[in-house]
Amino acid sequence: MLIKGLSTQIHGKVILSDVTVNFMKGLNVILGPNGSGKTTLLRTIIGMIDPVMGEITLDEGEIGYSPAEFFPAPMRVIDVMRSGTSVRDSIYLSYLQELGMDEYREREFSTLSSGEKRMVLVAKALAEGNSVLMDEPLSNLDARNYVRLVKAMRKFSKTKTIIVTSHDVELATVADHVVLMKNGMVFKEGDPSSALTEETLSTLYDVKMRRVKVGERIIFVKDISNI
Ligand SMILES: Nc1ncnc2c1ncn2[C@@H]1O[C@H](COP(=O)(O)OP(=O)(O)OP(=O)(O)O)[C@@H](O)[C@H]1O
């Protein structure tokens, strides 16, 4: 999926400015501070927001989208899954099962916890799309669901273009492609080893970020020792 020179404005205010990104098949993670334009980029890709400039070249197939928040009319989980598309129930059920959520299918969606809702919406997006856009899918997840979801992202990224916005730098370390956004612009992109450094992350968030080795893995943590 190619995004070229994309600019958007909301009520006359520039939100995205000349964004060019090449999202590849695999796991693409967009990091950026609050308000940097991550959600706006996803919404522009799915056509909820008209850009003032630029081009979006989509991959073949459908787009699945899991929003950061979703408040449907009262309905069961399985009806939330069915809404707006014509994917077979068996497909939806297999994705719910993949994420350990199949036992929730008859439950009223609004009664689910925020983490459970998130898992259901992600299962729906994965079932529906060849390109799958997920807005902060990891927020509110406990360690078990976090690991389950990252595992599913890795698995389906072999055949789908998965684009995830997140504040989770650890997720970005296992991505195929990382995009750092700041002030509505792409500040850096590349594979994790080139995009994720103490310098780029400290500049991105305007706080000191430290690189830490855990076993064979490199992770980045916020330095809160001297504040
Ligand atoms: N409808 C709107 N009216 C006015 N400003 C808006 C509107 N939608 C988004 N914005 C502004 O656009 C900017 C980018 O918002 P966006 O939601 O894309 O950021 P984000 O990177 O997803 O942030 P977060 O990490 O907090 O979710 C923010 O400054 C936000 O206040």
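Residues numbered from 1 in each chain as written. Predicted model: local features only at pLDDT ≥ 70, side-chain atom pairs only at ≥ 80, totals over all residues.

A.B. asks: Sorry, what's going on with the overall build of the chain here?
C.D. replies: A count of helices and strands for the chain gives eight helices and eleven strands. Over its C-alpha trace the chain gives a radius of gyration of 18 Å, about what one expects of a compact globule, namely 17 Å for 227 residues. Projecting the C-alpha coordinates of the chain onto the three principal axes gives extents of approximately 50 × 45 × 30 Å. When the 227 residues of the chain are sorted by exposure, 38% land in the buried category. (Helix = DSSP H or I, 4+ residues; strand = E, 2+ residues; numbered from the N terminus. Rg over C-alpha atoms; globule rule 2.2 N^0.38 Å. Buried ≥ 20, exposed ≤ 12 C-beta atoms within 10 Å, placed from the backbone.)

A.B. asks: What is the right way to look at the sheet that holds strand β7 (residues 161-166) in this model?
C.D. replies: Backbone-to-backbone hydrogen bonds pair the strands of a sheet. The strands run either parallel or antiparallel. Taken in spatial order, the six strands line up as β5-β6-β7-β3-β8-β9 in an open sheet, and their pairing is mixed. On the outer flanks of this sheet lie β5 (63-66) and β9 (185-190), each paired with one strand and no other. Each strand of the sheet is rotated relative to its neighbour by a mean of 15°, with strand direction disregarded. The pairing of strand β3 (residues 26-31) with β7 spans six bridges and is classified as parallel. Residue valine 29 lies in a different strand from β7, and its bridge partner there is valine 164. Lying over the sheet, helix α4 (residues 114-128) contacts β5 and β6 (131-135), oriented at roughly 175° with respect to β5. Lying over the sheet, helix α8 (residues 198-205) contacts β3, β8 (177-182) and β9, oriented at roughly 35° with respect to β8. (Pairing = 2+ DSSP bridges. Axes fitted to C-alpha atoms, helices over the stretch in contact; angles between N-to-C directions. Contact = placed C-beta atoms within 7 Å.)

A.B. asks: What should I look at first to understand the confidence of the model for the chain in this one?
C.D. replies: Regions with low pLDDT should not have their predicted coordinates read in detail. Scored by pLDDT, the chain has a mean of 95; 100% of the residues are at 70 or more. Reported confidence for the predicted complex is 0.97 by ipTM and 0.96 by pTM. (pLDDT = per-residue confidence, 0-100.)

A.B. asks: Sorry, what's going on with the pairing of β8 here?
C.D. replies: Along any regular strand the residues' side chains alternate between the sheet's two faces. Across the six residues of β8, five count as buried, placing the element largely inside the fold. Relative to β8, β3 runs parallel, the two sharing four bridges. Along β8, the bridge assignment pairs isoleucine 30 with valine 179. In this structure, β8 lies alongside β9, joined through five bridges in antiparallel fashion. For valine 178, the partnering residue across the bridge sits in β9 and is glycine 190. Taking the residues that link successive antiparallel strands as the turn, the β8-β9 hairpin has two residues, and the phi of asparagine 183 there is positive, at about 50°.

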